[in-house]
Amino acid sequence: MLPKDFSRAIVDLAAGLPTRAITIVRGNSTNISTEVIDNLIYALSKNNIGVVYMDFRANNSKSTYYEHQRKGLDTSEERTSFVLCEAYECENIISELTDINFIHRSTLYIFYWEHGAVSRKFCDSIQEAMRVVVVTRRKRVYRIYYNQATSDRLNHLSLVNWWSGRLYKNPVLPAADKVYKNFHGRVFNVPVLHAPPWHFVNYKNSSVNVTGGRDDKLLALLAGKLNFKYKYYDPPVRSQGSMISGNGTFKGVLGLIWKRQADFFLGDVTITWERLQAVEFSFLTLADSAAFLTHAPDKLSETLVIIRPFQWQVWPLVCATLLAIGPALWFVIAAPIYWQRRQRNMLQLLDECCWFTTTLFLRQTSNKEPSRSNKARLVSIIISLGATYVIGDMYSANLTSLMAKPAKEQPIGTLEGLEEAMRERGYELVVEKHSSTLTILENGTGVYGSLARLMKRQCIQRVRSVEVGVRMMLSRRRVAVLGGRETLYYDSERFGSHNFHLSEKLYTRYSAIALQIGCPYLETFNSIVMTLFEAGILTKMTTDEYKNLPEASRRSEKVTESENRENIESGESGATSQTQSESTIGLEPVSLRMLRGAFCLLGVGYLSAALVLSIEIQVYKRKSTKTKVLGTKKCRAFRRIKILLRRQMRRMIRAFYRFIDNALAPMV
């Protein structure tokens, strides 16, 4: 039987809690009468405390209670449950709540342990993130035990308050920010991944050696502030982790936190909605953006440098201007001649105008002007200024700049450009496996969905880390890596920035510390991280990693043979042995190779001149032959006419002589 002061003790306990509602759960094994529970409900209501009553003896009442708790977790509402049952049923209920993962800071479970001490089985079932209060009674004193009363003892219930006519202190439970302000040397086992500049890790057999990194410094700062120790270990799966579609489970480091096998994890963990279903995140440690890294654009052909000062759209206009300016000058000169009806060879004038304008564009001196008129001279001056100072000087200046700094291919800076390169030029896109970037590609629409579909054609789609993808790019030019901009920028600087091109910012992404859902020391971590972020210390720590880049690069060793074999088995072949010294290319001196295009153009001019000369010779020969043939035919005709004329003259003379003889004959 419960004592008469039971209701008063529970009412005072509920009044000392921050919640304004309580769920009374009556188990199957309790012998508490309905009258006592009614009195308890009446006393709570009288003190403005809302009551929800659940009797497990009724059908489906247990499932209704669990659904009530699930809704509270989904909406982050305060849920306080007061469970009345025997010890063995308390053990079963706490075990079921742990298995279902009804654990959160907003959920409090109060168990009334009427007989004896709290069992070891009950304590072992309590997770650190679960808030559990056990109320025991000895004579007229009610003792209140709490599992989150100490920061360094797990599965332990500590006495935090008691009731003897009234509560010893108020509030009933100690605040989490005070409890977890000091961890008293507690040791955390923290999983770690090699991801420069956040962590530099050397893997040696089954152990890991962390040699530095931004997040390593952050963790050391947190440990010094909160008085705890930490020990790094190599996780079973070396990836951050993501949800596996279908069964809703998580792999990687986040999967360990989801299963409550790891306490927290640092290392550029991006906050996503999918990951929020498995872990909780602290205040952001990095405000970053996504980007992709491609190989640096190649230098364009030096043979074509002579035509590169103008874009291809300009050259047709220049040629059209060169072809039209000669006839235009001819029209200016020929118009007055036609008006005045003077005699001049117009075809020869057109030839002279075209040759004159051509020499002006080629910057050749011309002594012969097509005309001495003022209009012709004005047009010639305008053409000369346009050819010399507008087209010529602009071309010369651009050509000089291109020779001083050779032109390169158009870089890939947008997702649309990357999609086009993957579709038409054979580019491949790789991402870190079990990363938030991979999740965005798999669940994305639009251009992200197109990139994901194009990636399915590749043999290698995922790499163990961003560093592996960057190393792969050093030996395979048509590869792009998608990930965090800060990580890609650091790796590009580390392996030689001249080897890579970093795209524009794609979307904003935030990184934070990943902790278990309901982690009791989340607010303590948040207060320190917020202070560091607002003071600019986190930014300074990130900047220091760039300043210490040579040292950090030396600390980062090459991938071992075992790791390389692991990469090949997981679809990450080759490209892991390229070192920084092999990728560094010095400046190249200026050489005659840059003038290759000019010599090619000179050769084309010589060939064209030789071709024109041969054509002229052939035409001249044909004309000469034709002239000789025509001359021979004319001579023969003239000779025939001459002979006929001679014969006719002879006949006429003979006839004249005959006429004279006939006329003089009678006189004789």
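How each quantity is defined
Residues numbered from 1 in each chain as written. Predicted model: local features only at pLDDT ≥ 70, side-chain atom pairs only at ≥ 80, totals over all residues. Heavy atoms only, no water. Helix = DSSP H or I, 4+ residues; strand = E, 2+ residues; numbered from the N terminus. Buried < 20%, exposed > 50% of the residue type's maximum accessible area, 1.4 Å probe, protein only. Contact = heavy atoms within 4.5 Å. Areas by Shrake-Rupley, 256 points an atom, 1.4 Å probe, with all protein chains shown as cover. Phe/Tyr/Trp six-rings, centres within 6.5 Å; stacked < 30°, edge-to-face > 60°. Lys NZ or Arg CZ within 6 Å of the ring centre and 35° of its normal. pLDDT = per-residue confidence, 0-100.

A. A look at the overall build of the protein chain. Broken down by element type, the protein chain carries 23 helices and 21 strands. The buried share among the 668 residues of the protein chain stands at 44%. Within the protein chain, contacts between residues separated by at least 24 positions form 72% of all contacts whose residues are at least 6 apart in sequence. Accessible area for the protein chain stands at about 37300 Å²; split by element, carbon and sulfur atoms hold 56% of it.

B. Seen up close, the side chain of Ser61. When you line up the elements, Ser61 lands in helix H3 (residues 61–75). With a relative accessible area of 8%, Ser61 lands in the buried category. Setting aside residues up to four positions removed in sequence, Ser61 forms contacts with Met54, Asp55 and Phe56.

C. View of the packing of aromatic side chains. A complete count under the given rule lists 28 aromatic pairs for this structure. Here the aromatic rings of Tyr489 and Tyr546 are separated by 5.4 Å at their centres, their planes lie at 80°, and the arrangement is edge-to-face. With Tyr489 in helix H17 (residues 485–494) and Tyr546 in helix H19 (residues 537–547), this pair connects stretches of sequence that are 57 residues apart. Tyr489 gets classed as partly exposed once you look at its relative accessible area, which sits at 37%. Among the aromatic residues, those joined into a cluster by ring pairs are Tyr180, Phe183, Phe188, Phe228, Phe264, Tyr521 and Phe525. The ring of Tyr203 has Arg238 lying over it, and the distance from NZ or CZ to the ring centre is 3.7 Å.

D. A look at the confidence of the model for the protein chain. Of the residues in the protein chain, 87% have a pLDDT of 70 or more, and the chain-wide mean is 81. Below pLDDT 50 for its whole length, residues 552–585 participates in 68 contacts with residues either more than four positions away or in separate chains. Within the model, the stretch residues 663–668 combines pLDDT values under 50 with 0 contacts to residues more than four positions away or in other chains.

E. Unusual backbone geometry, seen in detail. Residue Pro171 follows Asn170 across a cis peptide bond; omega there is 5°. Residue position: Pro171 is located in the loop between strand E7 (158–163) and helix H6 (176–179). Here the phi dihedral of Asn60 falls at roughly 60°; this positive angle occurs in a residue that is not glycine. Along the chain, Asn60 falls in the loop between strand E2 (50–55) and H3.

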